[in-house]
Amino acid sequence: MVEKDRKWAMEIGQRCVECGNCAESCRLLTDLKKCPKTLALRGISWQEAYGCALCGKCEAVCNLGLSPFRMFEQRRVEAVKNKEIDVNEYRYLFPDRPVTVMSLFREFYGIDYAGLNMSVPSETAFLPGCTMFTYSPELTKKVYAALAKDYRNPILLDDCCGLPMYQIGLPARGDKIKERLKTKVTDLGVKRLIVACPNCYYQLKKENLFRGVELVTVYEALHNYFVPNRASNGSSEIYTVHDSCPDRFEGIFAQQVRAALEQAGYPLAEMKHNRQNSICCGSSGQLEHFRPEWSKEHHLQNLDEAAAAGADVLLAYCQACVLNIGDVADRRVKVKHVLNLLLEFEEDYKEIKQMASEMFLGEQGFDLYIKLLEEPV
Ligand code: SF4
Ligand code: SF4
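Here's the deal with the overall build of the protein chain
Stage number 1. Of regular secondary structure, the protein chain possesses 20 helices and 8 strands.
Stage number 2. Against the globule reference of 21 Å for 377 residues, the protein chain gives a C-alpha radius of gyration of 21 Å, in line with a compact fold.
Stage number 3. Taking the principal axes of the C-alpha coordinates as reference, the protein chain spans close to 55 × 50 × 50 Å.
Stage number 4. For the protein chain, the residues scored as buried account for 42% of the 377 residues in total.
Stage number 5. Sequence-distant contacts, at least 24 apart, represent 72% of the contacts inside the protein chain between residues at least 6 apart.

So this is what it looks like as structure tokens:
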């Protein structure tokens, strides 16, 4: 590994004071019983690197600004390069392949966006993110319709931001996906890009990828559409907001979502871990594919904290968080997307997860599975 690739580990090896802040609620560091300094000096195994959720909490809470997270992320890239892990076993996750789990889901259940503008140039585009676009088509259409009241003929983008490729350890392929999106946005004359998914938002924001294009969250764009005091007609439920990993550093979604909910009159309680200190839902870093048992612990911990806060409903603003936490059989706390509440549109996330697994059952499921894996690597 060249020196520049080791910069995160070298910095931790030199400066970490072993305070232990970053290990609080980190499944990996708790399991390893080693502080980042020890790990940086002795080296990380590829299995350890894939046990990290890349959730960023360690960096967010380190008073010295060190980033164990980047050290693990970099180790993943090295593991792929050195062929320590056969990453093609996980190719069903690669969003740049012609057939993906999500494209199969849309095809299998006949999800389409006929009638919505997906290709005519416009100043405004809406990027829901792959997960919302695939698993919540009706919510996507509802958001699109609300945006279309204020913005002329917005374009609905079905693109990925490339994040899964970075998380898996294939950054060059992530760069290509982002570049493709940039070209599309430029060619379509987009001046304002409205984004629903916090992962997409920060992926595009951090490199200032779209110079000259205003990057806007869906909560900013719909600000005038959300009805003040909507909840005042009788909801006695208490809500809590689960903050998504990419938002922990800037807190843009955390602030806007709470403001919209408060304006609508929904009573809010805070979980023990929130905002920069939030516990990952279990999907970051593709953890559910590499360490599914830890991923499930994250789901349960979030539900436990929501229940302890006295909440009846856990709200998330990342569709992957909603699907993952909502997948756990827990009768105490309901799980919804913030937009379900603000746009008054209910969805059954357990049913959606069930649909996603049922399509791979039986003979027809086997055929789909073959189709998914047989495409070129
Ligand atoms: S929080 Fe920072 S200084 Fe403390 S153990 Fe973790 S990396 Fe080291
Ligand atoms: S990124 Fe998250 S899972 Fe990984 S070491 Fe940091 S806190 Fe732990």
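Moving on from the coordinates now.
A short note on the environment of A309
Stage number 1. If you trace the backbone, A309 turns up in the loop between α16 (292-308) and β7 (313-316).
Stage number 2. With 18 C-beta atoms packed within 10 Å, A309 lands in the partly exposed category.
Stage number 3. Residues A309 and I325, spaced 16 residues apart in sequence, show a C-alpha to C-alpha distance of 16 Å.
Stage number 4. Setting aside chain neighbours within four positions, we find A309 in contact with T240, A269, E270 and M271.

Some points on the sheet that holds strand β4 (residues 214-217)
Stage number 1. Taken in spatial order, the 4 strands make up an open sheet running β2-β1-β3-β4, and their pairing is parallel. For this open sheet the edge positions go to β2 (155-156) and β4, each flanked by a neighbour on one side alone.
Stage number 2. Relative to β4, strand β3 (residues 192-195) runs parallel, the two sharing 4 bridges. In the sheet register, V195 faces β4, and the bridge partner there is T217.

A closer look at the site of ligand 2
Stage number 1. Every one of the 14 residues lining ligand 2 counts as a neighbour, but C26, C52, C55, C58 and F69 are closest to it.
Stage number 2. Per element, the largest residue contribution to the shell around ligand 2 is 3 residues, and it comes from helix α6 (residues 68-81).
Stage number 3. When the residues that make up the shell around ligand 2 are grouped by side-chain class, the tally is 12 nonpolar, 1 polar and 1 charged.

A word on the packing of helix α17 (residues 319-326) against helix α19 (residues 349-358)
Helix-helix packing is characterised by the crossing angle of the two axes and by the distance between the axes.
Stage number 1. Their axes nearest at 9 Å, the elements α17 and α19 cross at an angle of 90 degrees. By the angle between their axes, α17 is roughly perpendicular relative to α19. Contact with α17, carried on its side by V322, L323 and G326, involves Y349, K350, I352 and K353 of α19 and no other residues of that element.
Stage number 2. Class assignment of the residues belonging to the contact of α17 with α19 gives a composition of 4 nonpolar, 1 polar and 2 charged.

Some remarks on the domain arrangement of the protein chain
Stage number 1. Taken domain by domain, the protein chain consists of domain 1 (3-81), domain 2 (92-221) and domain 3 (230-348).
Stage number 2. Distance from the C-alpha centre of domain 1 to the C-alpha centre of domain 3: 26 Å.
Stage number 3. The residue makeup of the side of domain 1 that touches domain 3, split by class, is 7 nonpolar, 3 polar and 2 charged.

With respect to the sheet that holds strand β5 (residues 239-242)
Stage number 1. Strand order in the open sheet formed by 4 strands is β6-β5-β7-β8, and the pairing between neighbours is parallel. Of all the strands in the sheet, just β6 (268-269) and β8 (334-337) have a single pairing partner and so form its edges.
Stage number 2. In terms of strand pairing, β5 meets β7 through 4 bridges, oriented parallel. Within β7, the residue paired with V241 across the bridge is L315.

Focus on the pairing of β8
Stage number 1. Burial along β8 is one-sided: V335 and H337 are buried, and none of K334 and K336, which face the opposite way, are.
Stage number 2. The sheet contact formed by β7 and β8 spans 4 bridges and is parallel. Its bridge partner being in β8, L315 is matched across the sheet by K336.

Concerning helix α1 (residues 7-15)
Stage number 1. The complete set of buried residues in α1 reads W8, A9 and I12. Looking straight down α1, one finds its buried side chains confined to an arc of 95 degrees; they lie on one side.
Stage number 2. Looking at the buried positions of α1, the neighbouring elements they touch are α3 (36-42) and α6.

A word on the packing of α1 against α6
Stage number 1. For the pair α1 and α6, interaxial distance at closest approach is 8 Å and the crossing angle is 140 degrees. As the angle between them shows, α1 and α6 are arranged oblique. Seen along the crossing, α1 lies across α6 with a hand that is left-handed. Between α1, through W8, A9 and I12, and α6, the contact on the second element is made entirely by P68, R70, M71 and Q74.
Stage number 2. Residues that form the contact of α1 with α6 fall into these classes: 5 nonpolar, 1 polar and 1 charged.

Focus on unusual backbone geometry
Stage number 1. Of note, the phi angle at L54 is positive, near 50 degrees, even though the residue is not glycine.
Stage number 2. If you trace the backbone, L54 turns up in the loop between α4 (46-49) and α5 (57-61).
Stage number 3. The residue N153 is not glycine, and still its phi comes out positive at about 45 degrees.
Stage number 4. Summarising the element assignment, N153 is placed in the loop between α9 (137-150) and β2.

Conventions and cut-offs
- Residues numbered from 1 in each chain as written.
- Chains lettered and ligands numbered in written order.
- Predicted model: local features only at pLDDT ≥ 70, side-chain atom pairs only at ≥ 80, totals over all residues.
- Helix = DSSP H or I, 4+ residues; strand = E, 2+ residues; numbered from the N terminus.
- Rg over C-alpha atoms; globule rule 2.2 N^0.38 Å.
- Buried ≥ 20, exposed ≤ 12 C-beta atoms within 10 Å, placed from the backbone.
- Contact = placed C-beta atoms within 7 Å.
- Pairing = 2+ DSSP bridges.
- Near = placed C-beta within 6 Å.
- Nonpolar A, V, L, I, M, F, W, Y, C, P; charged D, E, K, R; others polar.
- Axes fitted to C-alpha atoms, helices over the stretch in contact; angles between N-to-C directions.
- Parallel < 35°, antiparallel > 145°, perpendicular 65-115°, else oblique.
- Domains from an automatic or database assignment.
- Arc of directions from axis to C-beta.
- Left-handed = near helix turned anticlockwise from the far one by under 90°.

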